[in-house]
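Structural description and commentary
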Amino acid sequence: MEHSAHPSAKPAVNENTQLVYGWANASTPAGHKALQYSDLKSLNPQPDTRPAERELKVRLGGNMERYIWTINGKKFTEVEPLQVKYGERIRLKFINDSMMAHPMHLHGMFMQLENGQSSANMPNKHTLIVPPGKTVTALLTADELGEWAIHCHLLYHMSSGMMSKLVVANVDGNQAPTPSTSNSAKQGDSHAHH
């Protein structure tokens, strides 16, 4: 079958007039737009609009021959956890050095996807698809103490190494929120901590 002649094979065009082909446009009916991350907007204004204090690079890689997937060049049993101070505002920069898309999932907290929206309108995500050879960034307010899994949601990639921990800890006397000042109940209502 000649796929280029099929009506749904036409690329979708977003507001920035970038053409979208392949897996990102799969199964989009003829005449419809394939939604992109740039189309997403928060339903409610973000409570934290501070700029990032620092950036954490999360390099996604792998070796198909040995079938090992990595974060920052190491599999889970070798990787150093990502360290974040409680209350810190950071940028997570996911850099995909592989030829596969990786849906990167963070447990316990939402990330705000940097997708061209204002800081008040960035959408909350707990899983970000990082296309092959691309970079995706998100802001994170480290407002939940503990050790949180961060991993590829293709579970066979996770189980063969593409997993780490993001540790949120009290440092330099910063304190955990009291129940009356915590917004974790609001977030927890809409996000299953799994």
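This text goes with the structure placed above it.
If you're wondering where the values come from, they're calculated on a predicted model, not measured in any experiment.

Glancing now at the sheet that holds strand 5 (residues 82–85). With respect to topology, five strands assemble into an open sheet ordered 5-13-12-7-10, the strand pairing being mixed. In the strand order of this sheet, the two ends are held by strand 5 and strand 10 (127–130), each with one partner. Sheet twist, expressed as the average angle between the axes of neighbouring strands with direction ignored, equals 20°. Pairing of strand 7 (residues 102–106) with strand 10 involves four bridges; the strand directions are antiparallel. By the bridge assignment for strand 10, P103 is matched with I129.

Enumeration according to the criterion identifies seven salt bridges in this entry. Close ionic contact of R54 with E88 constitutes a salt bridge, the shortest N to O distance being 2.5 Å. With R54 in strand 3 (residues 54–63) and E88 in the loop between strand 5 and strand 6 (89–96), this residue pair connects regions lying 34 residues apart in the sequence. Residue E88 is classed as buried on the basis of its relative accessible area of 6%. Here E147 makes a salt bridge to K165, at a shortest N to O gap of 3.1 Å. Here the residue E147 occupies a position in strand 12 (residues 146–152), and K165 occupies one in strand 13 (residues 163–169), the gap between them amounting to 18 residues. For K165, a relative accessible area of 29% corresponds to the partly exposed category. By sharing partners, the salt bridges in this structure join D48, R50 and E53 into a single network.

Parameters at a glance
Residues numbered from 1 in each chain as written. Predicted model: local features only at pLDDT ≥ 70, side-chain atom pairs only at ≥ 80, totals over all residues. Heavy atoms only, no water. Pairing = 2+ DSSP bridges. Helix = DSSP H or I, 4+ residues; strand = E, 2+ residues; numbered from the N terminus. Axes fitted to C-alpha atoms, helices over the stretch in contact; angles between N-to-C directions. Salt bridge = Lys/Arg side-chain N within 4 Å of Asp/Glu carboxyl O. Buried < 20%, exposed > 50% of the residue type's maximum accessible area, 1.4 Å probe, protein only.

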